[in-house]
Amino acid sequence: MANVIIKSDEQRRYEERVLRDFHKVRTQGSQPTKEQREAAEVIARRSAEYSAQNANKR
């Protein structure tokens with residue numbers, strides 16, 4: 001059985017923004033590598049968790 005992760009549109013947009021901001025992939029005309037996409041996914045997910053955690057503390 002395959003592991004499938006269903007992402008929200010907001011999560012996809014945030015990952016694309018992370019790729020664009022940190023890896024400068026789109027401006028160089030090259031496609032992101034698998035490793036760059038995975039890194040963006042981790043950064044986006046951890047950032048969202050951190051934001052949610054801090055929002056609950058306020």
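I will try to describe carefully the structure that is included in this document. (Residues numbered from 1 in each chain as written. Predicted model: local features only at pLDDT ≥ 70, side-chain atom pairs only at ≥ 80, totals over all residues. Heavy atoms only, no water.)

1. Notes on the overall build of the protein
And then number 1: Per the secondary structure count, the protein includes three helices and zero strands.
And then number 2: Its helices and strands in sequence order give the protein the pattern α-α-α, from N to C terminus.
And then number 3: A total of 58 residues make up the protein; the buried ones form 14% of that total.
And then number 4: Accessible surface, the protein: about 5200 Å² in total, of which carbon and sulfur atoms supply 49%. (Helix = DSSP H or I, 4+ residues; strand = E, 2+ residues; numbered from the N terminus. Buried < 20%, exposed > 50% of the residue type's maximum accessible area, 1.4 Å probe, protein only. Areas by Shrake-Rupley, 256 points an atom, 1.4 Å probe, with all protein chains shown as cover.)

2. A few points about the side chain of Glu15
And then number 1: Turning to its location among the elements, Glu15 is positioned in helix α1 (residues 9-23).
And then number 2: Apart from residues lying up to four places away in sequence, Glu15 is in contact with Lys7, Ala40, Glu41 and Ala44. (Contact = heavy atoms within 4.5 Å.)

3. Comments concerning the environment of Arg45
And then number 1: Locating Arg45 in the fold gives a position in helix α3 (residues 34-57).
And then number 2: On a C-alpha basis, the gap between Arg45 and Glu15 in space is 8.5 Å, while along the polypeptide they are 30 residues apart.

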